[in-house]
There are 2 protein chains.
Amino acid sequence: MTREKLFEQILQKKSYLCVGLDTDPKKLPEHLLDFEDPVFEFNRQIIDATADLCVAYKPNIAFYEAQGPKGWVSLEKTINHIPQEIFTIADAKRGDIGNTSELYARAFFETMNFDSVTVAPYMGSDSVKPFLVQGGKWVILLALTSNPGSQDFQMLRLADGSEEYLWEQVLRESSTWGTAGQLMYVVGATQAEYVQRVRAIVPDHFLLVPGVGAQGGSLEEISRLGMNQRCGLLVNSSRAIIYASSGRDFAEKAREAAQEVQREMEQYLEQYVQHL
Amino acid sequence: MTREKLFEQILQKKSYLCVGLDTDPKKLPEHLLDFEDPVFEFNRQIIDATADLCVAYKPNIAFYEAQGPKGWVSLEKTINHIPQEIFTIADAKRGDIGNTSELYARAFFETMNFDSVTVAPYMGSDSVKPFLVQGGKWVILLALTSNPGSQDFQMLRLADGSEEYLWEQVLRESSTWGTAGQLMYVVGATQAEYVQRVRAIVPDHFLLVPGVGAQGGSLEEISRLGMNQRCGLLVNSSRAIIYASSGRDFAEKAREAAQEVQREMEQYLEQYVQHL
């Protein structure tokens, strides 16, 4: 999917919501357990209930991988059920030496038809570039993550005279590897105090923002500080939406939770995106 | 598997060889294509031909993931075929926020019965520690990798007064998260010039060493500089062994290639490991 198409979707739906399909078989509503593939059935109903309110879906691959081969079947059915015009993110945090990253790219871009995959930067350029070869496919590189462990290495200062943080060098260096139409960055909503420093380095790139809700990040703050003229944000919510209810009404409640976020986003789009 | 058991295996087999099962369906000998699961059949024959010469097998998960669900079936059959006493490494380079890393740990340690999994450090302690909870299970953390891209971030110098490289801080910090009986580190054979600096920080840990052979690292050099009193090295070879021949004799040729490495290793064990 091109950046233009993604922005069109955002304008049309007045939303930059990404719904995280972190579907844990242990948290499924009981009445779904009789289905042949309860995980897929859950995802199918969540997708049907929220597709007009969000612009992206992001299955975290760990939830599927933990189920063994049948988890991959559920994932394939899920990705095939997502409407074509919605951006899809394989939240896999992969990264390996060149010829191996090519295989991961094949897994997510060909075997499954994801639009993007999240990638870890530690192994450097030749671990990331193999994901950047296909038109319309995206790498979403970890930059400044939402978890406490982001302090351990990402926040180390570098001895290159700039005193920049490691994550700033990751942005600076990796942004030369591809265009803003191929690369996005993960920046946690819990890191709002640094978002202006992010935008100083990558003003045009989309940011994928986890950490709103359960992890404590503020949607208002990240939107005010992080938006650019093409919105430039995809804000993820997983648990607060997909587990809004654990009963028979889970899909309906998920829709209500998504709608609430969408309405808030509509305000920020009007307030902060100049095109509107 | 405990560190003691692993060292016993090394002494018994006079080998610290890890065979990389990077099985590419496009590179299989033609006569295997009639089997129901050609990838597993290839692995089965490689394992049967080399099990007495190596102490570890390391499937790179990308090769299986790229095949979709059926790749995971081949992987499960492969891991179940590896004799119990041989150390198994899921070369997955995973890493995610805490609750998600737990799921990856479940995928590799429970759904499949791997002894260890390779993990990327960028997200910090809470992305690594969930892998460290189970007795006898190991994390193998990326430290200084063998690929050219290791220059991009791993080799950045830090502004903490020490002027250390990022990878040194990764070793120093992460070695407080678990014991030398739970943690190993990936150090590429192409990085031999830094191995003494590695050993200054983690004298007791096992190192998993890729990059001998096709990537240009020297087995002699890494063994001389990197061994400790319990050997402390697992040196991986993938392509040079499993693709030693592309014909009907592939398993026989793989055995010959493994035997050649094992004989060289036997010398270095005698020369450098004081226990012998």
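Residues numbered from 1 in each chain as written. Chains lettered and ligands numbered in written order. Predicted model: local features only at pLDDT ≥ 70, side-chain atom pairs only at ≥ 80, totals over all residues. Heavy atoms only, no water.

- Within an unreviewed UniProt entry, the label attached to chain A reads Orotidine 5'-phosphate decarboxylase, and the organism entered is Pontibacter fetidus.
- According to the UniProt record, the Sequence similarities (unreviewed entry) comment for chain A is "Belongs to the OMP decarboxylase family. Type 2 subfamily." (UniProt positions renumbered as here; feature names shortened; annotations may be inferred.)

**Some remarks on the packing of aromatic side chains**
Given two aromatic rings, their pairing is described by the distance between the two centres and the angle made by the two planes.
Then step 1. Evaluated as defined, the whole model comprises 21 aromatic pairs over all chains.
Then step 2. Ring centres of Y165 of chain B and Y194 of chain B lie 5.7 Å apart, and the angle between their planes is 80°; on these two criteria the pair is classed as edge-to-face. Here the residue Y165 of chain B occupies a position in the loop between β5 (138–144) and α7 (166–174), and Y194 of chain B occupies one in the loop between β6 (183–187) and α8 (195–201), the gap between them amounting to 29 residues. The same class applies to Y165 of chain B and to Y194 of chain B, which are both buried.
Then step 3. Taken together, F42, Y243 and F250 of chain A form an aromatic cluster joined through their ring pairs. (Phe/Tyr/Trp six-rings, centres within 6.5 Å; stacked < 30°, edge-to-face > 60°. Helix = DSSP H or I, 4+ residues; strand = E, 2+ residues; numbered from the N terminus. Buried < 20%, exposed > 50% of the residue type's maximum accessible area, 1.4 Å probe, protein only.)

**As for helix α4 (residues 69–81) of chain B**
Residues spaced three or four apart along an α-helix point in a common direction, a consequence of the helix completing one turn every 3.6 residues.
Then step 1. Taking 1.5 Å per residue as the helical rise, α4 of chain B with its 13 residues ought to reach 18 Å, and the 19 Å between its terminal C-alpha atoms agrees with that figure.
Then step 2. Of the residues making up α4 of chain B, those classed as buried are P69, G71, W72, S74, L75, T78 and I79 of chain B.
Then step 3. Each element contacted by the buried residues of α4 of chain B is listed here: α3 (61–65) and α4 (69–81) of chain A together with α2 (38–50), α3 (61–65), β3 (87–94) and α5 (98–111) of chain B. (Expected span 1.5 Å × (residues − 1). Contact = heavy atoms within 4.5 Å.)

**Focus on the environment of G149 of chain B**
Then step 1. When you line up the elements, G149 of chain B lands in the loop between β5 and α7.
Then step 2. Apart from the residues within four sequence positions on either side, G149 of chain B is in contact with M123, G124, S125 and D126 of chain A.

**Considering unusual backbone geometry**
Then step 1. Not every positive phi belongs to a glycine, and K93 of chain A is a case in point at roughly 50°.
Then step 2. Within the secondary structure layout, K93 of chain A lies in strand β3 (residues 87–94).

**Regarding the nonpolar core**
Then step 1. With 213 residues, the main nonpolar core has Y16, F87 and F108 of chain A together with Y16, F87 and F108 of chain B as its most contacted residues.
Then step 2. With nine residues, the single largest contributor to this core is helix α11 (residues 250–272) of chain B.
Then step 3. Leaving out residues up to four positions away in the same chain, Y16 of chain B has contacts with I10, V55, L219, S223, M227, C231, L233, L234, V235, M265, Y268 and L269 of chain B. (Core = buried A, V, L, I, M, F, W, Y, C linked by side-chain atoms within 4.5 Å.)

**Section: the relation of the copies chain B and chain A**
Then step 1. Superposing chain B onto chain A takes a rotation of 180° plus a shift of 0.0 Å along the axis, which leaves an RMSD of 0.0 Å. Accordingly, the operation relating the two chain copies is best matched by a two-fold axis.
Then step 2. Interface residue correspondence from chain B to chain A reaches 100%, placing this contact among same-surface, isologous pairings. (Least-squares fit on C-alpha atoms with pLDDT ≥ 70 in both.)

**Thoughts on the UniProt feature "domain: Orotidine 5'-phosphate decarboxylase" (unreviewed entry) in chain A**
Then step 1. Mapped onto this numbering, the UniProt entry annotates "domain: Orotidine 5'-phosphate decarboxylase" (unreviewed entry) at residues 16–254 of chain A.
Then step 2. Regarding residues 16–254 of chain A, the helix share stands at 34% and the strand share at 17%, and the terminal C-alpha atoms are separated by 16 Å.

**So, the interface of chain B and chain A**
Then step 1. With 57 residues of chain B in contact, the opposing surface of chain A contributes 57 residues.
Then step 2. Here chain B and chain A share an interface that buries about 5,000 Å² over both sides, 62% of which is from carbon and sulfur atoms.
Then step 3. Looking only at chain B, the three residues that lose the most surface to chain A are E65, Y122 and F153 of chain B, adding up to 18% of its buried area.
Then step 4. Across the chain B-chain A interface, the total number found is four salt bridges.
Then step 5. In this structure, R94 of chain B engages E65 of chain A in a salt bridge whose closest nitrogen and oxygen atoms are separated by 2.9 Å.
Then step 6. Among the secondary structure elements, those contributing two or more residues to the side of chain B that touches chain A are α3, α4, β3, α5, α6 (125–128), β5 and α7 of chain B. (Buried area = accessible area lost by both parts, 1.4 Å probe. Salt bridge = Lys/Arg side-chain N within 4 Å of Asp/Glu carboxyl O.)

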